[in-house]
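Here's the letter readout for the chains.
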2 protein chains.
Amino acid sequence: MVQRYIHNPIIRPQDVKPSRPDFEVICVFNAGVAKLGDEVILLLRIAERPINQNSDIHIAPVYDVEKAAIIKKSFNTDEPGCDFSDSRWIRTPSTNYITSISHLRVARSRDGINFEIEETPSVSPANIYEVYGIEDARITSIDNTFYISYSAISDLGITSYLASTKDFIKFQRHGVIFHPDNKDVEIFPEKINGRYYALNRPSMSHFGKMDIWISESPDLISWGNHRHLAGAREGYWDNGRIGGSAVPFRVKEGWLEIYHGATKDDKYCLGAMLLDPEQPWKVIARSEKPIMEPVEDYEINGFFGNVIFTCGVIYENDVVKVYYGAADTHMCYAEIPIEDIMTSLGLK
Amino acid sequence: MVQRYIHNPIIRPQDVKPSRPDFEVICVFNAGVAKLGDEVILLLRIAERPINQNSDIHIAPVYDVEKAAIIKKSFNTDEPGCDFSDSRWIRTPSTNYITSISHLRVARSRDGINFEIEETPSVSPANIYEVYGIEDARITSIDNTFYISYSAISDLGITSYLASTKDFIKFQRHGVIFHPDNKDVEIFPEKINGRYYALNRPSMSHFGKMDIWISESPDLISWGNHRHLAGAREGYWDNGRIGGSAVPFRVKEGWLEIYHGATKDDKYCLGAMLLDPEQPWKVIARSEKPIMEPVEDYEINGFFGNVIFTCGVIYENDVVKVYYGAADTHMCYAEIPIEDIMTSLGLK
């Protein structure tokens, strides 16, 4: 049974210091998760927006590559051809903007519940692929290096970018590893028969649905032999779209992936998928029902309600420790015995 | 000045034997180009559709993976929720179909003009990524092997697939090299500072335009470090969308790419781009005006009119020999002196 932490959320927007005085933090969610020594590290996604007390204008925060800084682009409410009807977006005749911008920030904890959040961003938008922000980090530990894949959003599309760190203090960038559109990249923690593998979620314009694919690499930078792994399922809790969520981890029976699925009306739940240990492009089993779905008030109400979304878990002592974004607003914590997940897969 | 062959088109649909008696060839176009010994090889894209004399039904040809054959899916004209208004498509509530299906077929010539076309397909749809057909081959010769990238179309999206051959008789498949959506993949004919490069054209759902990207690979299978190379240009002949067309070839000043650009109302022309010889992700020069645009009747009228589209050229004796699809219907031939292209780039 899922055990939610009784004092959820564990991190709220008001717990986070804005990156500058004219911005406010509106969401802290979808953190990458790692263990470094005896600490739990969260690489939080922090979404900020410019404080705006003038109802005549809408503001889009955008990273300006030449100025190497986030600038505020203002639009009058009566700007011709612009659509401000959804507060998350500004749609203009030439391109779309987002009304918030995300960066990644480290938080540390010894007990896995109480986190010390850094006062400044750890990884911020820094190039043409990131002008609308960086989002939803996944962390994979390989040979004493932490590889971080995150979504880089810009007017060039949604790409997946790779960075790495050894200490969560200094970070190194390695470029775009999946061309647009692609997000939800989870790199497996070890080579399988000499190749790295990663789950990923392309999205398409003409044919195709938002499904999970799996790709191979010799070097973590170049990816190929892309294969369709699993799709949304008509008549199920994941009938709208699916994507990988947590970095896969090894269990006796194979690779366990905690993924997210949405209904057609955007209720986001978590499910599990068991992948073949040697041929991870083969799905052995998949949850008929979600292993976690939004039920608590803090999961149902928020910036974007009815959402449970994880970017990482810790698996130890037969328990899956889930760090998750709830309602796209705050970070929460829950524990699920591995046995319950295996049961949900029909394997116990 | 562009010298079109006086008896264009050089290959017409009626010159091609259908792959089966109940199909008709409607288009032969967008051929990959190679030289093998003293022969010019075209790897033609041949689009066929089921012969249909029953106006009450619409038919979509689809490769059936289990049957390992192309089957005909029939729809009644009064099928609820279906849209048959564009004769190229069948749109149903669950997915979209194409009313034709393409395969690749070898044609050989000693003079580069008169081609002997094989009687049967050389590469046909054969897996889940190809159920709607395979299209628009580009051929790159590396170390006595011809690498063929082509678009694989299916209900999973538009991917780029890699195959290879040494003789254009036996072909080997190597998997999906660019996840959906991506097409127009041109692999450079040699490594640059130890890395392979390829142009490609992702298309996106949320942000971004249909632009040319450049990617790197250690092994031709896995691709990464994706970079945005060049975009459509407002106010120019290529203001709608662009994509790589011919496999880039080396000139004294760098890498010359003949690319295609479309206006917003779908007039497809060819232009040139000069890329840095050592850093091919840098554009040195780009055609202000098209080097070739549809003017002849056979370029203006056809299955999809106002289109000139090349997938390969031969560069020899200071002349660029362009094999191109015209009006998405037939194969044509033209010669352009390299000097004229360099002049169009402002470099002569």
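Everything in this summary refers to the structure shown in the same document. (Residues numbered from 1 in each chain as written. Chains lettered and ligands numbered in written order. Predicted model: local features only at pLDDT ≥ 70, side-chain atom pairs only at ≥ 80, totals over all residues. Heavy atoms only, no water.)

Examining the sheet that holds strand E2 (residues 23-36) of chain A
Residues and elements named next belong to chain A. Note the cut-off: For two strands to count as paired, DSSP must find a minimum of two bridges between them. Under the scheme used here, helices are H or I runs from DSSP no shorter than 4 residues and strands are E runs no shorter than 2 residues, and both carry numbers assigned from the N terminus.
On the basis of which strands lie adjacent, the open sheet formed by four strands has the order E2-E3-E8-E9 and antiparallel pairing. With partners counted over all chains shown, the strands left at the sheet margins are E2 and strand E9 (116-117), one partner each. Note that strand E8 (residues 101-109) and E9 share two bridges and pair antiparallel. In the strand pairing of E9, Arg-108 is matched with Glu-116.

Things to note about the side chain of A:His330
Residue and element names in this part refer to chain A. Heads up, the condition is: Note on classification: 1.4 Å probe, protein chains only; a residue is buried when its accessible area is under 20% of the maximum for its type, exposed when over 50%, partly exposed between these limits. Contacts are residue-level and defined by heavy atoms, with any inter-residue pair within 4.5 Å sufficient.
As for its position among the elements, His-330 is in strand E25 (residues 330-337). Here His-330 falls in the buried class, since its relative accessible area comes to 11%. Here His-330 is in contact with Pro-9, Ile-11, Arg-12, Pro-13, Val-28, Phe-29, Tyr-298, Tyr-324 and Gly-325, once residues within four sequence places are set aside.

Here's the deal with the environment of A:Thr159
Within the secondary structure layout, A:Thr159 lies in strand E12 (residues 157-165). For the pair A:Thr159 and A:Ser245, spaced 86 residues apart in the sequence, the C-alpha separation amounts to 16 Å. Beyond its immediate sequence surroundings of up to four residues, A:Thr159 is in contact with A:Tyr129, A:Tyr150, A:Ser151, A:Ala152, A:Val176, A:Phe178, A:His179, A:Pro180, A:Asn182 and B:Trp213.

Regarding the pattern of salt bridges
Residues and elements named next belong to chain B. Worth spelling out the cut-off: In the sections that follow, a salt bridge refers to a side-chain nitrogen of Lys or Arg positioned within 4 Å of a carboxyl oxygen of Asp or Glu.
For the coordinates displayed, the defined rule picks out 50 salt bridges over all chains. Here Lys-35 and Glu-316 are joined by a salt bridge, their closest N and O atoms 3.4 Å apart. Here Glu-316 lies in strand E23 (residues 308-316) and Lys-35 lies in strand E2 (residues 23-36), a separation of 281 residues in the sequence. We note a salt bridge from Lys-264 to Glu-234, for which the minimum N-O separation is 2.8 Å. Here Glu-234 lies in the loop between strand E17 (222-230) and strand E18 (241-244) and Lys-264 lies in the loop between strand E20 (254-262) and strand E21 (268-275), a separation of 30 residues in the sequence. Side by side, Lys-264 and Glu-234 carry an identical accessibility label, which is exposed.

With respect to the sheet that holds strand E13 (residues 171-178) of chain A
Residues and elements named next belong to chain A. We count it as follows: Here the axes come from fitting lines to C-alpha atoms, over the contacting stretch only for helices, and the angles between their N-to-C directions go from 0 to 180 degrees.
Taken together, four strands build an open sheet; the order of strands is E10-E11-E12-E13 and the sheet is antiparallel. Of all strands in the sheet, those bounded by a partner on one side alone are strand E10 (133-142) and E13. With direction set aside, neighbouring strand axes in the sheet form an average angle of 25 degrees. As defined by bridge partners, strand E11 (residues 145-154) adjoins E12 across nine bridges and the pair is classed as antiparallel. For Tyr-150, the partnering residue across the bridge sits in E12 and is Tyr-161.

Thoughts on the interface of chain B and chain A
Heads up, the rule is: Using a 1.4 Å probe, buried area is obtained as the accessible area two parts lose upon being combined, added over both of them.
Residue-level contacts link 44 residues of chain B with 44 residues of chain A. At the boundary of chain B with chain A, total buried surface from both sides reaches about 3300 Å², with 59% on carbon and sulfur atoms. Summed over the three residues of chain B that lose the most area to chain A, namely B:His179, B:Phe207 and B:His226, the buried surface amounts to 23% of that side. On the surface where chain B and chain A come into contact, there are zero salt bridges. When contributions to the side of chain B that touches chain A are tallied by element, the ones reaching two or more residues are strand E7 (96-98), strand E11 (145-154), strand E12 (157-165), strand E13 (171-178), strand E16 (212-217) and E17 of chain B. With seven residues, the single largest contributor to the side of chain B that touches chain A is E17(B). In terms of strand pairing, strand E17 (residues 222-230) of chain A meets E17(B) through three bridges, oriented antiparallel. Of the residues in E17(B), the one forming a bridge with A:Ser222 is B:Gly224.

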